Amino acid sequence: MGWLAGLLLGGAFGAAARAGRFCLLRGLRQAWMPGTDLSALQAWALALAVALVATQSLAWAGLLEAEQAQVARASFSVPAVGLGGALFGLGMCLARSCGARALVLLGGGNLRALVVLISLGLAAQATLTGVLAPLREGLQGLGQLTLPAATLPGLLSAQGLESARLWATGVPVVLLLVFALRRGFVRQAPVEALAATVIGALVAAGWWITAQLEVDPFDPVAPTSLSFIGPMAEALLYLQLAVGRPVSLGPVMMLGTLLGAVVTARLMGDSRLEGFECPRRMLASVAGGLLMGFGGVLAVGCSIGQGVSGLSVLALASVPACTGIVLGASLGLRLESLIPSRKGI
């Protein structure tokens, strides 16, 4: 049941992300360029608002223990998480997509995205258990911060401020919706708005699936939701060492995302093979994938895993991670604007 739920979860995400062109980098690029609309950033804000409401509702109903979520850490290194986020954001600019967006683009025939995903998966696995693991462990030992709880609601409860938990969710949701719905966003971009709403709901569905359907008292697994760093590393490892290894939810979700994007691209008529214009663009994609793989593991998530899923449980570690992602992406966009444009790059 969990396997099928993961496949459907990924398929729905792939379809929504493809149809709505859901991408944080696209939103940040719009914000960087004066005079452009902010529809992509508004879509991200709407998705996060929906994810926050739905996920916190699960927590209040006792269907999700947010403190046990995989992305929630009561003890973490602020410098390492922030640096990881910054490297991920910079890599996102070099690769011109995040891990989730690359998988969705691959579903439409973009072979550049395949290079990005392979580079990302290799770097992530090397950082988790390979040659880069000692470097990761060293960085994670710097500036360790230990808090009474892993999430903002948990921290408020630990401080005896139980009544403030509603404000902790309500205020961010209101601010996000005010930004997301300004200037008639839903009316002017109905497909993007619908896709963002679906993606926000899917984040909560991911928490529910792993908290309720994946329960094994003999092998407990921390609840998780949409994320594309660890699962990409797991998927590559499973392709090489499948014999005797049970397939986990992450790779199944990745497969579902790819299939959902393939079907949607076909239905929309925008499926076509695409490659690199020049070797320099390929090098940038490889470098971007490697940075995202290493940085994503260090930050314990990506622009979806931390930027939507992590924030939906109000994980405290998501704050420096997301701050780093935005700063790293801003640096990358700044460097792009300083480098003269050349044909074919």
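For the structure, see preceding data.
A quick note: this is a predicted structure, and the numbers were derived from the prediction, not measured. (Residues numbered from 1 in each chain as written. Predicted model: local features only at pLDDT ≥ 70, side-chain atom pairs only at ≥ 80, totals over all residues. Heavy atoms only, no water.)

Draft legend 1. Local environment of the overall build of the protein. Counting secondary structure elements, the protein contains 16 helices and two strands. For 345 residues, the compact-globule estimate of 2.2 N^0.38 gives 20 Å, and the C-alpha radius of gyration of the protein, at 19 Å, lies within 12% of that figure. The dimensions of the protein, computed from C-alpha atoms along their principal axes, are 60 × 50 × 40 Å. Across the 345 residues that make up the protein, the buried fraction comes to 52%. Contacts spanning at least 24 positions in sequence make up 81% of the contacts within the protein whose residues lie at least 6 apart. For the protein, the exposed area adds up to about 15700 Å²; of that, 68% sits on carbon and sulfur atoms. Charged side chains in the protein number 21 positive and 14 negative. The centres of these two groups are separated by 15 Å. (Helix = DSSP H or I, 4+ residues; strand = E, 2+ residues; numbered from the N terminus. Rg over C-alpha atoms; globule rule 2.2 N^0.38 Å. Buried < 20%, exposed > 50% of the residue type's maximum accessible area, 1.4 Å probe, protein only. Contact = heavy atoms within 4.5 Å. Areas by Shrake-Rupley, 256 points an atom, 1.4 Å probe, with all protein chains shown as cover. Lys, Arg positive; Asp, Glu negative; His and termini not counted. Charge placed at Lys NZ, Arg CZ, Asp CG, Glu CD.)

Draft legend 2. Up close: the packing of aromatic side chains. Throughout the structure, instances matching the rule amount to one aromatic pair. Plain terms: the ring middles of phenylalanine 13 and phenylalanine 228 are 5.3 Å apart, the flat faces sit at 35° to each other, and that makes the pair tilted. With phenylalanine 13 in helix 1 (residues 2-20) and phenylalanine 228 in the loop between helix 11 (190-213) and helix 12 (230-240), this pair connects stretches of sequence that are 215 residues apart. In this structure, phenylalanine 13 and phenylalanine 228 share a single accessibility class: buried. (Phe/Tyr/Trp six-rings, centres within 6.5 Å; stacked < 30°, edge-to-face > 60°.)

Draft legend 3. Layout of the side chain of glutamine 306. Tracing the backbone through its elements, the reader meets glutamine 306 in helix 15 (residues 305-312). On the basis of relative accessible area, glutamine 306 is assigned to the buried category, the value being 0%. Looking at glutamine 306, its side chain comes within polar contact range of the main-chain oxygen of valine 300, at 3.4 Å. In this structure glutamine 306 touches Val71, Ala299, Val300, Gly301, Leu311, Ala317, Ser318, Ala321 and Cys322, once residues within four positions along its chain are discounted. (Polar contact = N/O pair within 3.5 Å; in protein donor to acceptor, adjacent residues only side chain to side chain.)

Draft legend 4. Region of interest: the packing of helix 4 (residues 78-95) against helix 14 (residues 279-298). For the pair helix 4 and helix 14, the least separation of the axes is 7 Å and the interaxial angle reads 160°. The orientation of helix 4 with respect to helix 14, classified from their angle, is roughly antiparallel. Regarding helix 4 and helix 14, the two cross each other, and that crossing is left-handed. Residue-level inspection shows Ala80, Val81, Leu83, Gly84, Gly85, Leu87, Phe88, Leu90, Gly91, Met92, Leu94 and Ala95 of helix 4 in contact with helix 14, the latter providing Arg281, Ala284, Ser285, Ala287, Gly288, Gly289, Leu291, Met292, Phe294, Gly295, Gly296 and Leu298. Each residue belonging to the contact of helix 4 with helix 14 can be placed in one class, and the counts come to 15 nonpolar, eight polar and one charged. (Axes fitted to C-alpha atoms, helices over the stretch in contact; angles between N-to-C directions. Parallel < 35°, antiparallel > 145°, perpendicular 65-115°, else oblique. Left-handed = near helix turned anticlockwise from the far one by under 90°. Nonpolar A, V, L, I, M, F, W, Y, C, P; charged D, E, K, R; others polar.)

Draft legend 5. Representation of the side chain of threonine 169 within the structure. Its place among the elements puts threonine 169 in helix 9 (residues 165-180). Non-local contacts of threonine 169, meaning those with residues more than four positions away in its chain, are made with Leu52, Gln56, Trp60 and Leu314.

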